[in-house]
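Inside the fold
Residue strings, one per chain:
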Amino acid sequence: MTERQLQPLLHELVGVVLAPTSALGDAAGQIRPTGVQGVFHADARVLSRAELRVDDREPESLARGSVGPHAVRFVGLTRWLGDPGPDPTVRVERLRRVSPGGLTEEIQVISTASVPVRAVVSVELACDLAPIEVVKSGGATEALEAKTGEPGELVWAAAGITVTVTGDGATTETGHGAATPRLTWPVELPPRGRVELSWRLDVDDPQAVVVCPPGEPAWSRPDLHADDRRLVRLIDRSLDDLRGLRLAEAGAPEDVFLGAGVPWFLTLFGRDSLWAARMMLPLGTDLAGGTLRVLARRQGARVDPATGEAPGKILHELRRHEFAPGDGLHLPPAYYGTVDATMLWVNLLHDAWCWGLPAEQIEPLLPQLEAALHWVGEHADADGDGLVEYIDTTGRGLANQGWKDSGDAVRFRDGTLAAPPIVLAEVQGYAHEAAVNGARLLDAFGRPGGDRWREHAAGLARRFRAAFWVDGPYGPQPALALDRDKRPVDSLTSNIGHLLGTGLLNGEEEAQVARLLGTDALAGAFGLRTMSTDDAGFSPLSYHCGSVWAHDTAIVLGNLARAGFRDTALTLADGLLGAAEAFDYRLPELYGGDDRSLLGRPVPYPAACRPQAWAAAGAVLLLQAATGLYPDVPGGTVRLAPLAGAQLGAVAAEHLTVAGAPVDVAVDRAGRPTITGLPAGLTVTVDATPTIPTPRRPAPTDHPVGA
C-alpha cells in the first residue's frame, strides 16, 4: 500500500512573524527537521533546524509566551545541573525575535544554585531552502552543505539565496567533525550567576517579490475599554499580528498591504488583502490606499487562459515562481484565478472613500475602476446570462474560485459536487454592490456610466431572485450556487450571510437570511459554520463544508449588526470571542465546526494558518460592530448603531479614525453611544436603542421545518 504524502500539521506549533520572514517551532522552542517547522523567508525555508542542547541534552520544556509583536520567549529546565533536591536551580531562557530579513536568538542560562555550574551549550542547525509548496505538500527535502566563513559563522547558498548564521563568541562545527552543523559555547557560572549567548540569521534574497516595509504601521492603535475583556485582549493580539503581516512589493516599499497568512500564504493575495484592508478601515485609510494601488498596478490587461488574466481583472496571488503543491495544481507566479477580487477592489475603493480616503488618492485609480466594472459586466459573464460565473479551463488552476476555493466546496444538499461553470451566490452580491458603489464613485468624480451600472445592478437583483431562492429545511433560502445546468445548489451555507448589505436582497429577504443564519445548524459552533449540520456534505473538519472561518464569521456578524439583526450578530460575536479565548487570542484561519457542547472549546483545524490577516482583521470588524460606527464622509453623515449594550456590555474606543481625524466612541451598558472628535461638517444620526434585551437565539430558528 502506497503511503500518502500528507500536508504537515500546524496547530501545535509556535509562530513568530515579521513578514516576509516567519519562524515555526514546537512548544519547547526547538525547530526540528520535520513537517513545516523552520524559518521561512519569502516562500523559501531558510532554516530547517535549530535545536538547542545543553551538554548534548535537551532542556525540559516549562513555559512560553509572546514578547511584543515579533518575539516569543521559551523557558526550559536543566535539572541535571545545579543543586540536588526537588527544586530546579538552573533554567534556560530562549528569546526568539524576527527582524527584517532575519532572526535573532538570545539564550540565557540562569542559575540560583549554591555551587558553580559548568556546561556546554550548542545549537544544531540545518538549511534546505525548500520552496514553500514542497513543504506544504509534505515532500522530502535534503539539507544543504554548510560552509564556514568568519569565526562563529555558517553559510548556505543555493537558488540565488544566501543564508548566514553567526554565533557571537561561538565555535562552529561542520563537515566530518559533527553529525550536523552547530554552534557551541562552553559556559561557566558562579553560584547564582547567569550568562547570555546569542546567534543571528541573515538572509540575502534579491529575487524576493515581497519585502518588509519600512517604518511603523500607518493605522491607529485604539485605546479600548470593554466590559468583556476578551474583546480587549483580542484587539491587542490581533493588531500585534497584523503589524507582523505587513508587506510591500520589492519595487514599491511605500505601498503597504497585508500578507495573507503564516506559513503558506505570506504574500500578496487579492481577495485576502482586500478583505483585510476593508476590515481595518476604522483605524485609517492608508492600508486600503496601499492595497488598492498595489493591485491596480497588476490589474489584468489581456486575455490569458493560462494565468486567468483578463482586462480589468484583479490578481489572485503573487509568487516568485510557479506554485505547485500537488494534486495537479500548477499556479503561475502571477495568477488571476479569482472570481471575486475585482468586485472587492471596487468595494474597498468605495468604502475607503466613505471613511475619508482623499480625492487625490482616488482620482488616479478611476481608470482602474472603470476597467474593473467593465470586467464585471463583460468578461465575468462568459455565457451572457447576466450572472457572474467561473470555470478553470486549464485543468491546472483552482477548480473553485470564490473564497471557498477547495475542490469539494460547492455541494448540493445530498453531498453531490456541483459541476462548473459555477455561479456563486455571494459573488452576485459583491457584483451588485460593486455596480452600485462604482456608479456612485463615477457620479461623484464626473465620470460617465453611473446609470448603466445602476441598471446593471437592478437586473442582477431580478435575475438572482428568480434563480437562487429554493425551499430548505428552515423555509426559503438562497442556494449556495448554480451549477453548469443552472440548477440551484441547495445546501445551506455561510455564503448567504455575505449577501446582507449588498443591496441584492429586499428587507423581507434579508430578514429571512438573518433567521437562517441564527439556526443551530449554522450558528451552533464557536462562530458560523461554513455549511449547515443538516447537509450531507457537512463535516466539522472539512476545509469549507462545516468548519468555522474567523473572517467569515466576522463579516457576517458585521453585516447582521449593520442591518439591525442584533440577536444573531450577538450569537456569532459570543462564539468568536469564545474561540479567541481558546486560541490565546490569536485567531486561526479556521477551526472545527463542532457543537459548543462537545469540548467547551473549539477543535483546532490542524493545518490552519496562524496568524492570518483576515482572521486578525476580523477583530477590528467586531470592534466596529460593537461601537456601531458607520461614516459616509462624502455624504456628510455618520451613523451610530452599536451592537454593544446590555448583552455585549459597555465599550469605549479611543483613536478610531474618520477622515484622518482621531475619533472616540463610547457605548454604555444601555446601548447609548457618544462620539467625539469628528471633523466639522459631519452630521451624526443614532439608531434607536432597544430597551429590553431579546434572546440571542429565538426558538423558531432552532428546528427544521417539519421537524
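Everything below is about the structure printed above this text.
This report concerns the structure included in the present document. Predicted model, so just to flag it, every value in this text is computed and none were measured.

This next bit is on the environment of Phe-269. Structurally, Phe-269 is set in the loop between strand S20 (252–258) and helix H3 (270–279). Through-space distance from the C-alpha of Phe-269 to that of Leu-318 is 6.8 Å; in sequence the pair is 49 residues apart. Not counting residues within four places of it along the chain, the set of residues in contact with Phe-269 comprises Ala-260, Leu-274, His-316, Glu-317 and Arg-319.

Attention now goes to the pairing of strand S16 (residues 194–204). Bridge count between strand S9 (residues 102–111) and S16: nine bridges; the pairing is antiparallel. Looking at the pairing, Ile-107 lines up with Leu-197 of S16.

This brings us to the sheet that holds strand S3 (residues 38–41). What the four strands build is an open sheet, ordered S1-S2-S3-S4; its pairing is antiparallel. Both edges of this open sheet fall to strand S1 (14–18) and strand S4 (44–47), since each of them pairs with a single strand only. Averaged over all neighbouring strand pairs, the angle between strand axes comes to 25°, with direction disregarded. Examined bridge by bridge, S3 and S4 share three bridges and lie antiparallel to one another. Note on S4: the bridge partner recorded for His-41 is Ala-44.

Quick look at the pairing of strand S6 (residues 60–66) now. Here S6 runs beside strand S7 (residues 71–77); their pairing, made up of six bridges, is antiparallel. Across the sheet, Glu-60 pairs through a bridge with Leu-77, a residue of S7. In sequence, S6 turns back onto S7 through a hairpin of four residues, with Gly-68 there showing a positive phi of about 75°.

With antiparallel pairing, four strands are arranged side by side in an open sheet as S18-S34-S35-S36. Two strands in the sheet have a free side with no partner beyond their single neighbour: strand S18 (223–226) and strand S36 (673–676). On average, adjacent strands in this sheet sit at an angle of 25° to one another, irrespective of strand direction. Alignment of strand S34 (residues 651–658) against strand S35 (residues 661–667), held across six bridges, turns out to be antiparallel. Bridge assignment links Val-651 to a residue of S35, and that residue is Val-667. Lying over the sheet, helix H2 (residues 229–244) contacts S18 and S34, oriented at roughly 155° with respect to S18.

At a minimum axis separation of 8 Å, helix H12 (residues 550–563) and helix H13 (residues 566–582) run at an interaxial angle of 150°. When the interaxial angle is binned, H12 and H13 end up roughly antiparallel. Between H12 and H13 lies a crossing of left-handed hand. On H13, the residues that touch Ala-550, Thr-553, Ala-554, Val-556, Leu-557, Leu-560 and Ala-561 of H12 are Thr-568, Ala-569, Leu-572, Ala-573 and Leu-576. Residues of the contact of H12 with H13, tallied by class, amount to 10 nonpolar, two polar and no charged.

So, how was this worked out
Residues numbered from 1 in each chain as written. Predicted model: local features only at pLDDT ≥ 70, side-chain atom pairs only at ≥ 80, totals over all residues. Heavy atoms only, no water. Helix = DSSP H or I, 4+ residues; strand = E, 2+ residues; numbered from the N terminus. Contact = heavy atoms within 4.5 Å. Pairing = 2+ DSSP bridges. Axes fitted to C-alpha atoms, helices over the stretch in contact; angles between N-to-C directions. Parallel < 35°, antiparallel > 145°, perpendicular 65-115°, else oblique. Left-handed = near helix turned anticlockwise from the far one by under 90°. Nonpolar A, V, L, I, M, F, W, Y, C, P; charged D, E, K, R; others polar.

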